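Architecture and fold: a report
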Amino acid sequence: MVYKAVRVKMPISARGKRNNMSKRRSAAGFTLLELLVVMVIVGIMLGVVTINAMPSPRQNLMREAQRIALLLQSARDEAIVRNRQVAFEADGDYYRFLIRDNGQWQPLAKDTLLRERAFELQPISLSITPPLPEGSNPLRITFGREPVDKPFVLSLTVGENTVLVRADGVGHFVVE
């Protein structure tokens, strides 16, 4: 058996209605409700991006404290490896690391990690517990050649925000 395709012609009136309906659908566009939903979604996404892109002053201070904690740990390790005292020295604008050489404190000039740096947030208030002896200005924390040292808490304050760097004396530095 062989089947032949037969073409059926639609009446003109049915063809005309179908063409008019397809023209109406393509020319309809978006409804007001659809546009409002899209604008609300875009607004929510912009809000989320803005919140994440602009860190708060507390987050900036926390990041600065984490950087200092890592550098303090590196300075402690450096003192043990070099078998010399290494010190962290800071005031409200900058901080740097020094090494004790022939009875004098010298900046670590050739060390890219422990170089002098300005605080990102200025002015910053620094305090240490237990307190240093009177006349210790700028603040100086000294790391000796021994792996065990005195525990301390370094406080960094900018405005109303305070972050603590807690040292346990055996080389662990925690930011709180």
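Structure: above.
Just so you know, these numbers come straight off a predicted model, no measurement behind them.

**Focus: the side chain of R117**
Structurally, R117 can be placed in strand 4 (residues 117-118). Of the side chains bearing the opposite charge, D111 lies closest to the buried R117, which forms no salt bridge; the N-O distance is 7.3 Å. Looking at R117, its side chain comes within polar contact range of the main-chain oxygen of L113, at 2.7 Å. Once residues lying within four places of it in the same chain are set aside, the contact partners of R117 are R67, L71, Y94, Y95 and T112.

**Here we look at the environment of A167**
Mapped onto the fold, A167 is located in strand 8 (residues 161-167). Separated by 95 residues in the primary sequence, A167 and L72 place their C-alpha atoms 9.2 Å from one another. With sequence-adjacent residues up to four places away left out, A167 is seen in contact with P151, F152, H172 and F173.

**Observations concerning empty space enclosed by the protein**
Throughout the structure, instances matching the rule amount to one cavity of 30 Å³ or more. There is about 50 Å³ of room inside the largest cavity. Looking at side-chain class alone, the lining of the largest cavity contains five nonpolar, two polar and three charged residues.

**Some remarks on the layout of surface pockets**
Taken as a whole, the largest pocket spans an internal volume of roughly 370 Å³. Forming the boundary of the largest pocket are 16 residues, of which L132, R140, I141, T142 and K150 lie nearest the centre. With four residues, strand 6 (residues 139-143) is the largest single contributor of residues to the lining of the largest pocket. Considered class by class, the residues forming the lining of the largest pocket number 10 nonpolar, three polar and three charged.

**Examining the sheet that holds strand 5 (residues 125-129)**
Ordered in space as 5-7-8-9, the four strands form an open sheet in which the pairing is antiparallel. Lying at the two open borders of the sheet, with one neighbouring strand each, are strand 5 and strand 9 (173-175). Across the sheet, the mean angle from the axis of one strand to that of its neighbour is 20°, orientation sign disregarded. Sheet analysis places strand 7 (residues 152-158) next to strand 8, joined by seven bridges and oriented antiparallel. The partner of T157 across the bridge, within strand 8, is T162. Along the sheet face, helix 3 (residues 57-82) touches strand 7, strand 8 and strand 9 and points at about 20° away from the line of strand 8.

**Structural notes on the packing of aromatic side chains**
Considering all chains together, one arrives at five aromatic pairs under this definition. When the centroid spacing of 5.4 Å and the interplanar angle of 50° are considered together, the rings of F88 and F97 count as tilted. Three or more aromatic residues joined by ring pairs form one cluster here, namely F88, Y95, F97 and F119.

**Comments concerning the nonpolar core**
In summary, soluble globular proteins display a tendency toward joint burial of nonpolar side chains. With 30 residues, the main nonpolar core has L72, F88, F97, F152 and L154 as its most contacted residues. Where this core is concerned, the elements lending two or more residues are helix 3, strand 1 (86-90), strand 2 (94-101), strand 6, strand 7 and strand 8. At eight residues, the largest contribution of residues to this core is made by helix 3. Apart from the residues within four sequence positions on either side, F97 is in contact with L71, L72, A75, A87, F88, Q106, P107, L108 and L114.

Conventions used here
Residues numbered from 1 in each chain as written. Predicted model: local features only at pLDDT ≥ 70, side-chain atom pairs only at ≥ 80, totals over all residues. Heavy atoms only, no water. Helix = DSSP H or I, 4+ residues; strand = E, 2+ residues; numbered from the N terminus. Buried < 20%, exposed > 50% of the residue type's maximum accessible area, 1.4 Å probe, protein only. Lys, Arg positive; Asp, Glu negative; His and termini not counted. Salt bridge = Lys/Arg side-chain N within 4 Å of Asp/Glu carboxyl O. Polar contact = N/O pair within 3.5 Å; in protein donor to acceptor, adjacent residues only side chain to side chain. Contact = heavy atoms within 4.5 Å. 1 Å grid on protein atoms, 1.4 Å probe; cavity = no way out; pocket = protein on both sides within 12 Å on 5 of 7 lines; lining within 4 Å. Points joined across faces, edges and corners; volume = space filled by probe spheres on them. Nonpolar A, V, L, I, M, F, W, Y, C, P; charged D, E, K, R; others polar. Pairing = 2+ DSSP bridges. Axes fitted to C-alpha atoms, helices over the stretch in contact; angles between N-to-C directions. Phe/Tyr/Trp six-rings, centres within 6.5 Å; stacked < 30°, edge-to-face > 60°. Core = buried A, V, L, I, M, F, W, Y, C linked by side-chain atoms within 4.5 Å.

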